[in-house]
Amino acid sequence: MPWMRHTLRDAQVWAEVDERGALVADADGRVAVMYKRDPAAKVYRAGARNLGPVAGAAVEADLGPAAARADAPAHGTGGRGAAAHGKAAAHGKSAAHGKAGGARKTHASPGPVREGTIHVWTDGACTGNPGPAGLGVVVIDGAHRREHAEYLGHGTNNIAELTAILRGLDLIADPSRPVRVYTDSGYSIGVLSLGWKAKANVDLIAEIKDRLAAFTALEFVKVPGHAGVPENERCDALARGAITGARRR
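Residues numbered from 1 in each chain as written. Predicted model: local features only at pLDDT ≥ 70, side-chain atom pairs only at ≥ 80, totals over all residues. Heavy atoms only, no water.

Asks: I'm lost on the overall build of the protein chain in this one. Help?
Replies: When helices and strands are counted, the protein chain shows 6 helices and 11 strands. The proportion of buried residues among the 249 residues of the protein chain is 51%. Counting contacts in the protein chain only where the partners sit at least 6 residues apart, residues at least 24 apart contribute 64% of the total. (Helix = DSSP H or I, 4+ residues; strand = E, 2+ residues; numbered from the N terminus. Buried < 20%, exposed > 50% of the residue type's maximum accessible area, 1.4 Å probe, protein only. Contact = heavy atoms within 4.5 Å.)

Okay, here's the thing in C-alpha coordinates:
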(Lines give C-alpha, C1' and ligand atoms only; values in the text may rest on other atoms or scores of the structure.)
Protein backbone atom coordinates (compact mmCIF):
# COMPACT_ATOMS: atom_id res chain seq x y z
CA MET A 1 0.00 0.00 0.00
CA PRO A 2 1.11 3.60 -0.52
CA TRP A 3 2.02 5.95 2.33
CA MET A 4 1.69 9.70 2.75
CA ARG A 5 2.98 12.27 5.24
CA HIS A 6 0.53 13.42 7.94
CA THR A 7 0.73 15.30 11.21
CA LEU A 8 0.17 13.44 14.48
CA ARG A 9 -0.01 15.87 17.38
CA ASP A 10 3.32 17.74 17.26
CA ALA A 11 5.10 15.30 14.94
CA GLN A 12 5.02 14.31 11.30
CA VAL A 13 4.52 10.65 10.42
CA TRP A 14 4.01 8.44 7.39
CA ALA A 15 0.44 7.11 7.31
CA GLU A 16 -0.93 4.30 5.17
CA VAL A 17 -3.31 5.54 2.47
CA ASP A 18 -5.07 4.18 -0.59
CA GLU A 19 -4.15 5.12 -4.16
CA ARG A 20 -6.23 8.31 -3.85
CA GLY A 21 -4.45 9.42 -0.69
CA ALA A 22 -7.31 8.55 1.69
CA LEU A 23 -6.33 7.09 5.07
CA VAL A 24 -6.69 3.30 5.38
CA ALA A 25 -8.27 2.58 8.77
CA ASP A 26 -9.08 -0.73 10.45
CA ALA A 27 -12.37 -1.63 12.09
CA ASP A 28 -11.37 0.37 15.16
CA GLY A 29 -10.60 3.50 13.14
CA ARG A 30 -6.82 3.13 13.53
CA VAL A 31 -4.27 3.76 10.78
CA ALA A 32 -0.80 2.27 10.35
CA VAL A 33 1.87 4.97 10.82
CA MET A 34 5.68 5.15 10.84
CA TYR A 35 7.89 7.85 12.32
CA LYS A 36 10.70 7.14 9.86
CA ARG A 37 10.74 6.61 6.11
CA ASP A 38 12.58 3.34 6.40
CA PRO A 39 11.54 -0.20 5.40
CA ALA A 40 12.91 -1.40 8.75
CA ALA A 41 11.02 1.19 10.80
CA LYS A 42 8.54 0.01 13.41
CA VAL A 43 4.90 0.42 12.46
CA TYR A 44 2.43 1.81 14.98
CA ARG A 45 -1.29 2.53 14.89
CA ALA A 46 -2.96 5.86 15.51
CA GLY A 47 -6.56 6.99 15.48
CA ALA A 48 -7.51 8.41 12.09
CA ARG A 49 -9.13 11.40 13.81
CA ASN A 50 -5.73 12.37 15.24
CA LEU A 51 -4.04 12.53 11.83
CA GLY A 52 -3.97 15.64 9.68
CA PRO A 53 -2.80 16.09 6.08
CA VAL A 54 0.44 17.90 5.25
CA ALA A 55 0.05 20.55 2.55
CA GLY A 56 1.75 19.54 -0.68
CA ALA A 57 2.54 16.00 0.49
CA ALA A 58 2.48 13.36 -2.24
CA VAL A 59 1.35 9.76 -2.14
CA GLU A 60 4.38 7.48 -2.36
CA ALA A 61 4.50 3.79 -3.15
CA ASP A 62 5.40 1.13 -0.60
CA LEU A 63 7.69 3.03 1.76
CA GLY A 64 7.65 0.58 4.61
CA PRO A 65 6.41 -2.67 6.11
CA ALA A 66 2.93 -4.03 5.49
CA ALA A 67 0.19 -2.56 7.66
CA ALA A 68 -0.59 -6.05 8.95
CA ARG A 69 2.61 -5.83 11.01
CA ALA A 70 1.41 -2.70 12.79
CA ASP A 71 0.11 -3.59 16.21
CA ALA A 72 1.56 -1.01 18.62
CA PRO A 73 -0.17 2.26 19.54
CA ALA A 74 1.53 5.39 18.29
CA HIS A 75 3.68 7.34 20.72
CA GLY A 76 2.16 10.36 22.35
CA THR A 77 3.88 13.72 22.42
CA GLY A 78 6.07 12.57 25.28
CA GLY A 79 7.04 9.16 23.85
CA ARG A 80 10.58 8.30 22.86
CA GLY A 81 9.64 7.70 19.23
CA ALA A 82 7.91 11.05 18.93
CA ALA A 83 10.79 12.83 20.61
CA ALA A 84 13.29 11.26 18.26
CA HIS A 85 11.15 12.18 15.29
CA GLY A 86 10.70 15.69 16.60
CA LYS A 87 14.47 16.11 16.82
CA ALA A 88 14.89 15.04 13.20
CA ALA A 89 12.05 17.29 12.10
CA ALA A 90 13.58 20.24 13.91
CA HIS A 91 16.57 19.90 11.62
CA GLY A 92 14.24 19.75 8.64
CA LYS A 93 14.94 16.19 7.53
CA SER A 94 13.57 12.73 7.98
CA ALA A 95 15.32 10.26 10.22
CA ALA A 96 16.14 8.14 7.18
CA HIS A 97 17.95 11.08 5.59
CA GLY A 98 19.89 11.58 8.79
CA LYS A 99 21.66 8.26 8.24
CA ALA A 100 24.70 8.02 6.01
CA GLY A 101 23.35 7.94 2.48
CA GLY A 102 19.80 7.85 3.87
CA ALA A 103 16.93 7.96 1.44
CA ARG A 104 19.32 8.42 -1.47
CA LYS A 105 19.91 4.70 -1.39
CA THR A 106 16.27 3.76 -0.91
CA HIS A 107 14.47 2.31 -3.90
CA ALA A 108 10.71 2.52 -3.32
CA SER A 109 9.00 -0.40 -5.07
CA PRO A 110 5.92 0.90 -6.88
CA GLY A 111 2.56 -0.62 -6.05
CA PRO A 112 -0.17 -1.47 -8.57
CA VAL A 113 -0.60 1.07 -11.35
CA ARG A 114 -3.97 2.82 -11.37
CA GLU A 115 -5.89 2.82 -14.62
CA GLY A 116 -5.19 5.97 -16.62
CA THR A 117 -1.93 6.78 -14.83
CA ILE A 118 0.41 9.21 -16.58
CA HIS A 119 4.06 8.18 -16.21
CA VAL A 120 6.55 11.05 -16.03
CA TRP A 121 10.23 10.09 -16.21
CA THR A 122 12.73 12.83 -15.40
CA ASP A 123 16.47 13.27 -15.14
CA GLY A 124 18.98 16.09 -14.90
CA ALA A 125 22.60 16.18 -15.95
CA CYS A 126 25.49 18.48 -15.24
CA THR A 127 29.00 18.53 -16.69
CA GLY A 128 30.91 19.55 -13.62
CA ASN A 129 28.95 20.56 -10.57
CA PRO A 130 28.24 23.37 -11.07
CA GLY A 131 28.66 23.50 -14.82
CA PRO A 132 26.65 23.25 -18.05
CA ALA A 133 23.33 21.63 -17.11
CA GLY A 134 20.50 20.02 -19.00
CA LEU A 135 17.38 17.99 -18.42
CA GLY A 136 15.39 15.24 -20.06
CA VAL A 137 11.74 14.30 -19.62
CA VAL A 138 9.67 11.44 -21.04
CA VAL A 139 5.89 11.51 -20.52
CA ILE A 140 3.97 8.34 -21.31
CA ASP A 141 0.18 8.50 -21.38
CA GLY A 142 -1.15 5.20 -22.69
CA ALA A 143 -0.01 4.88 -26.30
CA HIS A 144 1.09 8.52 -26.42
CA ARG A 145 4.68 9.46 -25.72
CA ARG A 146 6.29 12.89 -25.45
CA GLU A 147 9.94 13.74 -24.94
CA HIS A 148 11.47 17.02 -23.87
CA ALA A 149 15.13 18.05 -23.67
CA GLU A 150 16.37 21.42 -22.48
CA TYR A 151 19.67 23.16 -21.89
CA LEU A 152 19.66 25.14 -18.65
CA GLY A 153 22.95 26.99 -18.90
CA HIS A 154 25.30 27.06 -15.91
CA GLY A 155 23.83 25.28 -12.91
CA THR A 156 24.08 22.40 -10.46
CA ASN A 157 23.00 18.81 -10.73
CA ASN A 158 20.26 19.38 -8.13
CA ILE A 159 18.87 22.32 -10.10
CA ALA A 160 18.79 20.14 -13.22
CA GLU A 161 17.00 17.30 -11.39
CA LEU A 162 14.43 19.62 -9.83
CA THR A 163 13.79 21.55 -13.04
CA ALA A 164 13.28 18.27 -14.90
CA ILE A 165 10.47 17.41 -12.47
CA LEU A 166 8.98 20.89 -12.92
CA ARG A 167 9.01 20.56 -16.71
CA GLY A 168 7.43 17.13 -16.45
CA LEU A 169 4.59 18.52 -14.34
CA ASP A 170 4.13 21.37 -16.80
CA LEU A 171 3.54 18.82 -19.57
CA ILE A 172 0.48 17.37 -17.82
CA ALA A 173 -2.70 19.13 -18.91
CA ASP A 174 -5.05 17.47 -16.42
CA PRO A 175 -3.77 17.41 -12.82
CA SER A 176 -6.79 15.35 -11.73
CA ARG A 177 -5.30 12.34 -13.51
CA PRO A 178 -3.20 9.88 -11.48
CA VAL A 179 0.50 10.62 -12.04
CA ARG A 180 3.73 8.83 -11.24
CA VAL A 181 6.94 10.84 -11.33
CA TYR A 182 10.08 8.74 -11.68
CA THR A 183 13.44 10.20 -10.64
CA ASP A 184 16.81 8.90 -9.54
CA SER A 185 17.30 11.97 -7.37
CA GLY A 186 16.85 11.20 -3.68
CA TYR A 187 17.48 14.89 -3.00
CA SER A 188 14.52 15.93 -5.13
CA ILE A 189 12.17 13.47 -3.46
CA GLY A 190 13.46 14.53 -0.05
CA VAL A 191 12.89 18.26 -0.44
CA LEU A 192 9.61 17.86 -2.34
CA SER A 193 7.82 15.17 -0.36
CA LEU A 194 9.79 14.08 2.71
CA GLY A 195 10.02 17.38 4.52
CA TRP A 196 13.76 17.90 4.14
CA LYS A 197 14.73 21.51 4.80
CA ALA A 198 16.10 23.14 1.67
CA LYS A 199 19.28 25.15 2.17
CA ALA A 200 19.53 26.01 -1.52
CA ASN A 201 17.19 26.24 -4.51
CA VAL A 202 14.46 27.50 -2.18
CA ASP A 203 12.51 29.46 -4.81
CA LEU A 204 12.63 26.60 -7.31
CA ILE A 205 11.45 24.10 -4.71
CA ALA A 206 8.61 26.41 -3.67
CA GLU A 207 7.53 26.73 -7.31
CA ILE A 208 7.45 22.95 -7.73
CA LYS A 209 5.49 22.48 -4.52
CA ASP A 210 2.92 24.97 -5.80
CA ARG A 211 2.54 22.82 -8.91
CA LEU A 212 2.30 19.64 -6.85
CA ALA A 213 -0.56 21.09 -4.80
CA ALA A 214 -2.74 21.05 -7.92
CA PHE A 215 -2.41 17.29 -8.38
CA THR A 216 -4.93 15.03 -6.70
CA ALA A 217 -3.14 11.67 -7.09
CA LEU A 218 0.59 12.05 -7.60
CA GLU A 219 3.32 9.77 -6.31
CA PHE A 220 7.10 9.83 -6.60
CA VAL A 221 8.95 6.65 -7.49
CA LYS A 222 12.69 6.44 -6.77
CA VAL A 223 14.59 4.60 -9.48
CA PRO A 224 18.29 3.70 -9.51
CA GLY A 225 20.37 5.94 -11.74
CA HIS A 226 22.63 4.56 -14.47
CA ALA A 227 21.34 1.05 -13.80
CA GLY A 228 19.86 0.24 -17.18
CA VAL A 229 16.29 1.39 -16.47
CA PRO A 230 15.23 2.18 -20.06
CA GLU A 231 13.26 5.39 -19.59
CA ASN A 232 15.67 6.72 -17.00
CA GLU A 233 18.52 6.11 -19.40
CA ARG A 234 16.57 7.85 -22.15
CA CYS A 235 16.03 10.90 -19.96
CA ASP A 236 19.74 10.97 -19.15
CA ALA A 237 20.56 10.82 -22.87
CA LEU A 238 18.15 13.69 -23.58
CA ALA A 239 19.69 15.80 -20.80
CA ARG A 240 23.27 15.16 -21.93
CA GLY A 241 22.29 15.68 -25.54
CA ALA A 242 20.91 19.11 -24.64
CA ILE A 243 24.26 20.04 -23.08
CA THR A 244 26.24 18.70 -26.05
CA GLY A 245 23.95 20.47 -28.53
CA ALA A 246 24.36 23.79 -26.72
CA ARG A 247 28.14 23.47 -26.84
CA ARG A 248 28.08 22.96 -30.60
CA ARG A 249 26.12 26.13 -31.22
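Let's pick the thread back up.
Asks: I tried to follow the sheet that holds strand S10 (residues 179–183) on my own but got confused; where do I start?
Replies: Backbone hydrogen bonds are what pair the strands of a sheet, in a parallel or an antiparallel way. Spatial strand order, S9-S8-S7-S10-S11: 5 strands in an open sheet with mixed pairing. Edge strands, defined here as strands with exactly one partner in the open sheet, are strand S9 (144–155) and strand S11 (218–222). Geometrically, the sheet is characterised by an average inter-axis angle of 20° between neighbouring strands, direction not taken into account. Here S10 pairs with S11 via 5 bridges, running parallel. Directly across from Val 181, in S11, lies its bridge partner Phe 220. The strands touched by helix H4 (residues 186–193) within the sheet are S10 and S11, with S11 carrying the most contacts at an inclination of about 150°. (Pairing = 2+ DSSP bridges. Axes fitted to C-alpha atoms, helices over the stretch in contact; angles between N-to-C directions.)

Asks: What is the right way to read the packing of aromatic side chains from this model?
Replies: Two aromatic rings, taken as a pair, are described by how far apart their centres are and by the angle between their planes. Counted by the stated rule, this structure contains 2 aromatic pairs. Aromatic side chains Tyr 35 and Tyr 44 sit 5.7 Å apart centroid to centroid with 75° between the ring planes, which places their arrangement in the edge-to-face category. Across the pair, exposure class does not vary: Tyr 35 and Tyr 44 are buried alike. With a centroid separation of 4.0 Å and an interplanar angle of 5°, the aromatic rings of Trp 121 and Tyr 182 are classed as stacked. (Phe/Tyr/Trp six-rings, centres within 6.5 Å; stacked < 30°, edge-to-face > 60°.)

Asks: I tried to follow the pairing of strand S4 (residues 44–47) on my own but got confused; where do I start?
Replies: In regular strands, side chains alternate between the two faces of the sheet. Residues Tyr 44 and Ala 46 of S4 are buried on one face, and the alternating residues Arg 45 and Gly 47, pointing to the opposite face, are buried as well. Where strand S3 (residues 30–34) lies against S4, 4 bridges are found, and the strand directions are antiparallel. The residue bridging Val 33 from the neighbouring strand is Tyr 44, located in S4.

Asks: Hey, could you run me through the nonpolar core in this one?
Replies: Side chains of a nonpolar character, in soluble globular proteins, are inclined to be buried together. Counting residues in hydrophobic clusters, the biggest one holds 33 residues, and the most contacted among them are Leu 192, Ile 208, Leu 218 and Phe 220. Elements supplying a minimum of two residues to this core: S3, strand S7 (118–126), strand S8 (131–141), helix H3 (157–170), S10, H4, helix H5 (202–212) and S11. With 5 residues, the top contributor of residues to this core is H3. (Core = buried A, V, L, I, M, F, W, Y, C linked by side-chain atoms within 4.5 Å.)

Asks: Whenever I open this one, unusual backbone geometry confuses me. Can you help?
Replies: Glycine aside, residues mostly have negative phi, and peptide bonds are mostly found in the trans state. Each neighbour pair has its own omega, and for Asn 129 with Pro 130 the value is 10°, a cis peptide bond. As for its position among the elements, Pro 130 is in the loop between S7 and S8. Residues other than glycine seldom take positive phi values, yet Asn 201 does so here, at roughly 60°. Here Asn 201 is to be found in the loop between H4 and H5. Residue classification places Asn 201 among the partly exposed residues on the basis of a relative accessible area of 21%.

Asks: What should I look at first to understand the pairing of S9 in this one?
Replies: As judged from the 11 bridges shared by S8 and S9, these two strands associate in the antiparallel manner. Note that in S9 the partner of Val 139 across the bridge is Arg 146. What sits between S8 and S9 in their antiparallel hairpin is a turn of 2 residues, with Gly 142 showing a positive phi close to 65°.

Asks: Explanation requested: the pattern of salt bridges in the structure shown.
Replies: Here the idea is simple: oppositely charged side chains can pair when their charged atoms come close. Counted under the stated rule, the structure contains 11 salt bridges. Arg 211 serves as the salt-bridge partner of Asp 170, at 2.7 Å between the closest nitrogen and oxygen. Of this pair, Asp 170 sits in helix H3 while Arg 211 is found in helix H5, placing the two residues 41 residues apart along the sequence. Overall, Asp 170 belongs to the partly exposed group, its relative accessible area being 39%. Between Glu 207 and Arg 211 there is a salt bridge, with its nearest N and O atoms 3.7 Å apart. Taken as a pair, Glu 207 and Arg 211 lie in helix H5 at a separation of 4 residues, close to a single helical turn. A relative accessible area of 31% means that Arg 211 is categorised as partly exposed. Salt bridges here are not isolated pairs; linked through shared partners, they connect Arg 145, Glu 147, Glu 231 and Arg 234. (Salt bridge = Lys/Arg side-chain N within 4 Å of Asp/Glu carboxyl O.)

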